[in-house]
Structure formats: C-alpha cells, structure tokens
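# Topology and contacts: notes
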Number of protein chains: 2
Amino acid sequence: MTPPVPDPAVGTGQAGAYSSGASPHVSPRHPRLDPLADRYAARTHGMKSSEIRALFSVVSRPEVVSLAGGMPAVTALPLDAVGSMIGELVSGMGAQTLQYGSGQGDPRLRERICDVMALEGITDARPSEVVVTVGSQQGLDLVTRVFVDPGDVILAEAPSYVGALGVFQAAQAQVRHVAMDDDGLIPEALEQALLECRARGERVKFLYTVPNFHNPAGITLSEPRRERVIAIAEQYDLLVIEDNPYGLLGFNHEPMRALRARNEERVIYLGSFSKTFSPGLRVGWVLAPLAVREKLVLATEAQVLCPPSLTQYAVARYLDTQPWREQIKVFTELYRERRDATLESLTALMPPGTTWTRPDGGFYVWLKLPHGLDAKLMQPRAVAAHVAYVPGIGFYADGQGQEYMRLSYCYPEPDRIREGVRRLARVIEAELDLHSTFDAVDTGTFRAVSTPPPPVIGPANADEDSHP
Amino acid sequence: MTPPVPDPAVGTGQAGAYSSGASPHVSPRHPRLDPLADRYAARTHGMKSSEIRALFSVVSRPEVVSLAGGMPAVTALPLDAVGSMIGELVSGMGAQTLQYGSGQGDPRLRERICDVMALEGITDARPSEVVVTVGSQQGLDLVTRVFVDPGDVILAEAPSYVGALGVFQAAQAQVRHVAMDDDGLIPEALEQALLECRARGERVKFLYTVPNFHNPAGITLSEPRRERVIAIAEQYDLLVIEDNPYGLLGFNHEPMRALRARNEERVIYLGSFSKTFSPGLRVGWVLAPLAVREKLVLATEAQVLCPPSLTQYAVARYLDTQPWREQIKVFTELYRERRDATLESLTALMPPGTTWTRPDGGFYVWLKLPHGLDAKLMQPRAVAAHVAYVPGIGFYADGQGQEYMRLSYCYPEPDRIREGVRRLARVIEAELDLHSTFDAVDTGTFRAVSTPPPPVIGPANADEDSHP
C-alpha cells in the first residue's frame, strides 16, 4: 500500500499521532484548522469524493443537460397505486412496518427475491441464503468487510463501477483492472492477471464483475465468456462477486443465465430493486452460501441493526400485487428510446476520432474521446456549456481512463438527450481546436506537459520568427 | 489484541492462508465444510451474534413474555394519519421520494433535525453539520470507521450498549469499561482510565457515552457530572461520542442539556427517530464539525450511496404536519405506566439479594441477581419458564456482567409485564434453591467450578458419611 499522501486537512497525514494527554500545541500563528486532525483512521487517508457525487450540485441545475447521473425514470411507475399500497402498509400493518425487523431481512421478501432471481436462471437459491441490504451498495460493502483485509488484491473490469471502487478503497484493498472488449471481460486477460498476482505473491480475494449492461461500459459478458470465467474461477480457486442491477433491463433478448446459476459455491450474487422498481427505497440483496451468510448477517447487524421494515414490505407487496414485470417492460421501452436518441445523435454529431459502445440494455454509453483529449480537463468547458457527464478516471483505481467518459441516457427525455449530445459535440470540437492550436499543452492548466516545451506554432504567435 | 480463537467454521482461523492457484487439497475423509474458510478477513474472527439478536426466534413466540427486546410501542402512533401522509409522499412526490438522494441526506430533514436537537439545548447546530444515517446505529458505525484503527482503545461505560460493542468489535478496537453509579459515568473513574491508558502507551480514540436513560442501565448522567466529563475531555484532549436516542423520553422532567450543547468541537452527537417516531424507518443522524462531516459523507456514500429517500421525507413530513411532540407525551405516559408495573412487581416479588436501577425515562431496568447467580447460565431455565431477558454479559466487552440482566418494559402491556416479572422471580428463586443445594457448582453445566471441588453437603448425599 502506498504511504498516505500528506493532506493539509488531516495534518501530517499520520493517523498514529497520539497526544500525550495535554492539550496539543497550538501556535498562535497556525491555529489548527481541524482539532481532530491527528486522530482519523488510516483508511480515511485515501478517501476521495466520487466523480459522480462531486457533480451533484452541478447536475441539479435545470439549465444543465445531465448525461451524468444514472437516475432511473421513477415517474414511469404507477405512483397513485404504489402510494396507496405503501400507505396501507403503514395504516394496516404499522405494528410490523414501523417496527425493528430481523437483521437478515423480512422472510417473505427473501422468498420473493428468490422468484426474481429465477428469471436470470438462478433456480436453486433458498430464502435462507439471501440477506436483504440497503441497496446492493451495502451488499457490496458487507461482502468486502467480510472478505477483504487491507492490502488484499481485488480484480475488477477495466473500467469498473465507481461505487464499487469507493468500497474497495475504503477497505484499503488494491484493485487490479482486467481488460474488456465488446463481449465483456477477456478471459485470457483474467488468467494473465491471476498468474501475475501469484508471481508477485499477491493474495487475490475476489473478482468483481458487472456482467450485464455494465456500468459504465454498457457491455454484456457473452455466453461463451461466462462459461470461461466460471472455468477459470474453478481452476484458480477464485471467488467471484457478481453484481447485477441491470440484468432484467435488456432491450432485445431475454435475460442471460447469471454466473451464479452456473456455480453456487464460488459466486456471490448482488441484486437490487433500484432499477426494476425504485432506488429511493434502497432495497437490494446478497445471495451467498450459508457460511458466508452467517458473517454477512453479523456484519449488517453491527452496521445498521436491520434494514428498514417499511421499504422491505413495500417491495414485497409491490411484487405480490402490482404488475411488476409489465412495469419493467414499460421501463425498458422508455430506456430503449433514450438509448436510440443517444446513439443516433452521437453518430450524427460526434467529431471523427470519437468512438463509443452500443449497449443493448441498461443505462450507459462509454465514449472514447479523440486522441489527446482528456475528459476531466475538458469538464469545466462542458459545465460552462451546460452539459454534464462523468469523466472516465472515476471508473479506474489506477489513474487510467482520461480519454473516456460515461454518458447516462436513462433520465432525460429523448429531445433533451439530443440537445445534450449537441452541446457535448461542440465542446469536443472546441477542445480539438484548442489542441490543434496549442499542440502538446495541458489545456486544463495551459502549461506545457513535456519538458522542455516544444515551440508553439500557430496564428497567435505569428509575430515570432517561427515559420519553418 | 488477543489472537483469534480457532473456529471450526473458519478452518484454522488464519485469514492469511492463500491458495497458490491450484484447487485446495480436499481430503476425501474431511471435505471442507466451508470452501471459502481460508479467505475471510481478520475482522470477522471475533464476530459473534449479539445476545439480543440470538434471542430473536425465542422472543417471537407468543407464549413467551419478552422483557428482552427494546421495541418501541409503535402502535400508539396515529397509523391512519401517518399512512395517508406517507402514501401521499409517493403519489404526489414520487419523483423525489422514490429517487436517489444526496449522500448527506435531505436538506429539509437536516433542518428539522436541528429543530429537534434544540429541545436538548443544542442551539448552534447547522444543517450542513448534520449527516442523515440509516438509524443512529449506522451513524456510530460511520464515526467508528472514520476514527478507529485496529487496536485503538475506546472508553465506554460499564455496562455499555450491546449494538455499540458490536460496532467496536467489528472495527477491531479494544474497549475499556469505565464505572457508573446511580448518577452515571463516574468522572474520577474516567480520569483514572485515561491515565492508565496513557501509562500503557495506549491510544484512546474516544469516549462513547449514552447519557440519558442509558441502555442498558437506565441511568441518566447528572448535571454536575456533565460539566465534569466535558472538563476532563478538554483537559485530556478526549473526543466524546454522545449517543442520545432516549433524551426526549423522560417521565418527570424536561430534557437535560446535551454534552454537545456544552462543547461543539470535541463532542460528536448521534440522534435517532427510532424511539420518538418509528424504528422501522431507520432514520438517525450524526452532528459533527465540518471536517468530520466531510469524511462521514464519503464513508456513507461508499457504504450505502445515500439513505432511503422515502423514509427521510416521511420523517420530515411527520415533523412538519403531525403533532409529534404530543405523540412523544403519549409514548412517555405509556412507558411510565410500564416502568411503574415493572418496578412495583420487582419490589413485590424479587427474592432478597436482588437489586435494580430505577429509571426516570427510557426503556430499561438493569437488574443485579443475588450473589452467585449467572444470568446467562440461568437463561435456559428462563426460556423454559417462558420469560426472556438479555443477559448482562452482552453489555460488556471483557466478560464482566454475569450477575446482571437487562429488562425492557417498553413493549409489553403492564399486566404482561407483571406476569413476566412473576415468572422471572420464580426462576430466580429456583436458581437460588439450586445454588444452596449444590453450593459451588456451575449450575449451567453441573460441574464444579473450583478444583478440587469442596464436598457437596445436602439431602441428596445423605448416604455419604459427610456429616460434620
């Protein structure tokens, strides 16, 4: 693990400094900005704001077209019916819905969750193997708490889900990215990574994968690749964490058989109702073998005592009484239309040299900028032009991804999406213009990126005697 | 830290074992009970079920009088009004209530939380310093994550809240208990503990305290003691975590001024709506200085992304539109009546040698058994007699507490409480009988507790020539 970078907000960055009991020395000229600076835990030193959440205040502005946040189209739900349903859960069952519940989660909901998983080929799951969580985010956090010691290695796709990277970083793990292509994770690259880690004496705790309509890449792991990944997991005794919030949101085909459907011993499955029902309820789950389930329940009891009762009953009641599969079709038709608007306008408007993935479901397009451009450095220009995206570096633990960005099409109306892509195209064109003018210049800071800087050639410097 | 105890469920208990890539050796005669046994994180080795949650299945049985769980009397709420209110939040505001929200929590709710805290003397809190959490349990978990490294020392009252001990244990901290008396934490004992830790070279990260209607002791920290604790915290540069779910549930007097009202720099305050409104919504909060708030928000984003939106809006709307302070009076009158039933029946029925605290609010009575009895060992007899309590050892990190138990009076009706105390008294009497018969015998296992065992004298052994 790299030593903590000194951060002014945490004093010397040394978590170990222990004041001997007397008041800490405070020089009158340098009052402590943060009196608690010397006592934060080591795991906080690498904590940084997620690229998405840093945008939160920007994207809330109505004049900004946000292609950043993966916010589901919840207003497509039958709000009156769902509202009545939830109201009745309180007035008629308040003794349960407003009370503490079990740490593992409501038994009826866990049964319903097994029914939902059967749609993706997992037919041998038992309710006792399910732990309800506060969104699948908490599920991933619990799994990480149960398995990962500081310094452990986690393999993840390149790129990977930013929320997962936040969990792994909080656990002080080392993430090694494994290449993907249009069919998903590349099995040979996975095997290569495992051999390299072994050669370095590194302990790989698990592979984290998002096999369906990947966040952020939009890609789905193909059928032959699924079999290969399971075979590699068996051969190398690798634990696999399968994170699947989008599996039922395909536009063209039935859901593919989950990795967990092919191996129940070494695949831990994370599911969520955030995209199939509602993210504001924060209801997800982990499916794990009983020995793991035991530890997950202990960990979640320490973390939250139990998940909220009202939201669990709401999901179970929704699955029992509302046409939830038809609703998923309503959602996917809406998202298909938005995906089409995105791809059509990208094709029509993006400058040459720009490439992007073509998702068959889910929420995201992964766009690669023309050579030399940097999505993070370009971001101030985009915000000024009132379009928001998530810079690609947010989806890598190792600093890669500068030439990429994630576009979410789930939330804005199609015309708004087209306007957003139009604005983005202009920003990219302007950026290309900047680059062709200033060549190897860091356009974020307007300082040369190489030493010594090459001579700057162009109209702005016509007075210099630099013509060849 | 003590070395992990080998646990058959985790193999050798060595978290570091790394399989070299080939399948682990599986002897045909000793199949691996848990194929993942060699890869759990070190922090899981000490994880054990909480004494309360272990009782969950027992206490749900209708024939058992449970004086165990601290379940608020939620049916005393105006369920129809609350149900309508929540239903309208979905049907009328579904775009917000069913959607992702901010990691720090809804701004309007954070404003309302500041109003609630003002009732306990905290008048300088700003909404920006509030982080909404999934119950105050998650708040404590986040604070612990932000401050505590493995091996750090945490000071806690003797006894302390079992849920907090679970958090501290998951963080691999060492807990040192500090004595209480009828006025709460003893300041001299706190000072003594700080000096002892310093002498041992130990790093005390914070004091964790529940100053009002303490769980499990029922005791409230007196006014002079509050000033002394703050003075000691300032003198010794001690951080204080003030956990206050019961402060508004006093029977006889207005809420006392919180510790946080007396010092804003070194007191982090945890609050909850679980007892003043509903535990099934899981809405609590942390009030912390901004530098800490920053880290708490990063930590909660990694853990859950954001707290549920619907439950937050429900609490804010409840505070805005319902007579919530009158409701608290309804609750406290109910709890007062139940406290009275408890204390009256304890006084009438308990055998000599039994003592207990007399709470002036909140949910709990802390009972000390007659000399020589052990609440955990006695528990099977209590379960057989259909009465449940929480054994005192659950509230200590160091094995103390065998002679204590916690009784919760918040949930059962007064007559049920009286019946429960009646059954408990009979169990204690039978236990005393057992002890007087068998003298120094471990009545849980019927084996002698000292070596060599003293001669057993009594009617059962009349045939032995043991008369003096």
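Residues numbered from 1 in each chain as written. Chains lettered and ligands numbered in written order. Predicted model: local features only at pLDDT ≥ 70, side-chain atom pairs only at ≥ 80, totals over all residues. Heavy atoms only, no water.

Residue and element names in this part refer to chain B. Where helix 5 (residues 135-147) meets helix 9 (residues 290-304), the closest approach of the two axes is 9 Å, and the angle between their N-to-C directions is 115°. Viewed along their axes, helix 5 and helix 9 adopt a mutual orientation that is roughly perpendicular. Crossing handedness for the pair helix 5 and helix 9: right-handed. Of the residues in helix 9, those in contact with Gln138, Asp141, Leu142, Val143, Arg145, Val146 and Phe147 of helix 5 are Val292, Lys295, Leu296, Ala299, Thr300, Gln303 and Val304. Its residues placed into classes, the contact of helix 5 with helix 9 shows eight nonpolar, three polar and three charged. (Axes fitted to C-alpha atoms, helices over the stretch in contact; angles between N-to-C directions. Helix = DSSP H or I, 4+ residues; strand = E, 2+ residues; numbered from the N terminus. Parallel < 35°, antiparallel > 145°, perpendicular 65-115°, else oblique. Left-handed = near helix turned anticlockwise from the far one by under 90°. Contact = heavy atoms within 4.5 Å. Nonpolar A, V, L, I, M, F, W, Y, C, P; charged D, E, K, R; others polar.)

All names here are of chain B. Alternating residues of strand 2 (residues 130-133) divide into Val130 and Val132 and Val131 and Thr133, and every residue in both groups is buried. Where strand 2 lies against strand 9 (residues 284-287), four bridges are found, and the strand directions are antiparallel. Paired with Val130 across the two strands is Leu287, which belongs to strand 9. (Buried < 20%, exposed > 50% of the residue type's maximum accessible area, 1.4 Å probe, protein only. Pairing = 2+ DSSP bridges.)

With an RMSD of 0.0 Å, chain B superimposes on chain A once it is rotated by 180° and translated 0.0 Å along the axis. Here the copies are linked by what is in effect a two-fold axis. Minimal C-alpha separation from the rotation axis in chain B is found for B:Gly87, amounting to 2.1 Å. Both copies contact each other with a shared surface, as 100% of the interface residues of chain B are interface residues in chain A too. (Least-squares fit on C-alpha atoms with pLDDT ≥ 70 in both.)

What follows deals with the interface of chain B and chain A. Each partner contributes to the interface: chain B provides 98 residues, whereas chain A provides 98 residues. For the pair chain B and chain A, the two sides together bury roughly 8,200 Å², of which 59% comes from carbon and sulfur. On the surface where chain B and chain A come into contact, there are four salt bridges. Residue A:Arg39 pairs with B:Asp237 through a salt bridge whose shortest N-O separation is 2.9 Å. At the boundary of chain B with chain A, the tally comes to 32 residue pairs in polar contact (both at pLDDT 80 or more). Elements with a contribution of two residues or more to the side of chain B that touches chain A: helix 3 (79-97), helix 5, helix 6 (162-170), strand 6 (204-209), helix 8 (223-235), helix 9 and helix 10 (309-321) of chain B. (Buried area = accessible area lost by both parts, 1.4 Å probe. Salt bridge = Lys/Arg side-chain N within 4 Å of Asp/Glu carboxyl O. Polar contact = N/O pair within 3.5 Å; in protein donor to acceptor, adjacent residues only side chain to side chain.)

Moving on, we get to the UniProt feature "domain: Aminotransferase class I/classII large" (unreviewed entry) in chain A. The UniProt record marks residues 92-424 of chain A with the feature "domain: Aminotransferase class I/classII large" (unreviewed entry), using the residue numbering of this structure. A distance of 51 Å separates the end C-alpha atoms of residues 92-424 of chain A, which is 42% helix and 17% strand. (UniProt positions renumbered as here; feature names shortened; annotations may be inferred.)

Glancing now at the side chain of A:Asp374. All names here are of chain A. Assignment of secondary structure puts Asp374 in the loop between strand 11 (364-368) and helix 12 (375-384). Buried and unpaired, Asp374 has Arg381 as its nearest opposite-charge partner, separated by 8.1 Å. Of note is the side chain of Asp374, whose polar atom sits 2.9 Å from the backbone nitrogen of Lys376. A distance of 3.0 Å separates the side chain of Asp374 from the backbone nitrogen of Leu377, its partner in a polar contact. Other than its neighbours up to four places away in sequence, Asp374 contacts Leu369 and Gln402. (Lys, Arg positive; Asp, Glu negative; His and termini not counted.)

Let us now look at the packing of aromatic side chains. Within this structure, the stated rule accounts for 26 aromatic pairs over all chains. Aromatic pair A:Trp366 and A:Tyr396: ring centres 6.5 Å apart, planes at 35°, arrangement tilted. With A:Trp366 in strand 11 and A:Tyr396 in the loop between strand 13 (390-391) and strand 14 (404-408), the pair connects residues that are 30 residues apart, well separated along the chain. For the pair A:Trp366 and A:Tyr396, one class covers both residues: buried. Look at B:Phe363 and B:Tyr364: their rings are 5.9 Å apart centre to centre, the planes differ by 65°, and that puts the pair in the edge-to-face class. (Phe/Tyr/Trp six-rings, centres within 6.5 Å; stacked < 30°, edge-to-face > 60°.)

All names here are of chain B. With antiparallel pairing, the four strands of this open sheet are ordered in space as 10-11-14-13. Edge positions in the open sheet fall to strand 10 (355-356) and strand 13 (390-391), since each of these has one partner strand only. Bridge count between strand 10 and strand 11 (residues 364-368): two bridges; the pairing is antiparallel. Across the sheet, residue Thr355 finds its bridge partner in strand 11, namely Lys368. Those strands touched by helix 11 (residues 324-349) are strand 10, strand 11 and strand 14 (404-408), and its axis lies near 15° from that of strand 11.

Here we come to the domain arrangement of chain A. All names here are of chain A. Segmenting chain A into domains produces domain 1 (51-72 + 326-435) and domain 2 (102-322). Using C-alpha coordinates to define each centre, domain 1 is positioned 26 Å away from domain 2. Every contact between the two is made by 26 residues of domain 1 and, on the other side, 28 residues of domain 2. Both sides of the domain 1 and domain 2 interface together cover about 2,300 Å² of buried area, and 66% of this is carbon and sulfur. Run the count over domain 1 and domain 2 and you get zero salt bridges. Counting across the domain 1 and domain 2 interface gives 10 residue pairs in polar contact (both at pLDDT 80 or more). Elements represented by at least two residues in the side of domain 1 that touches domain 2 include exactly helix 11 (324-349) and strand 11. No other element matches the seven residues that helix 11 contributes to the side of domain 1 that touches domain 2. Broken down by class, the residue content of the side of domain 1 that touches domain 2 amounts to 14 nonpolar, seven polar and five charged. (Domains from an automatic or database assignment.)

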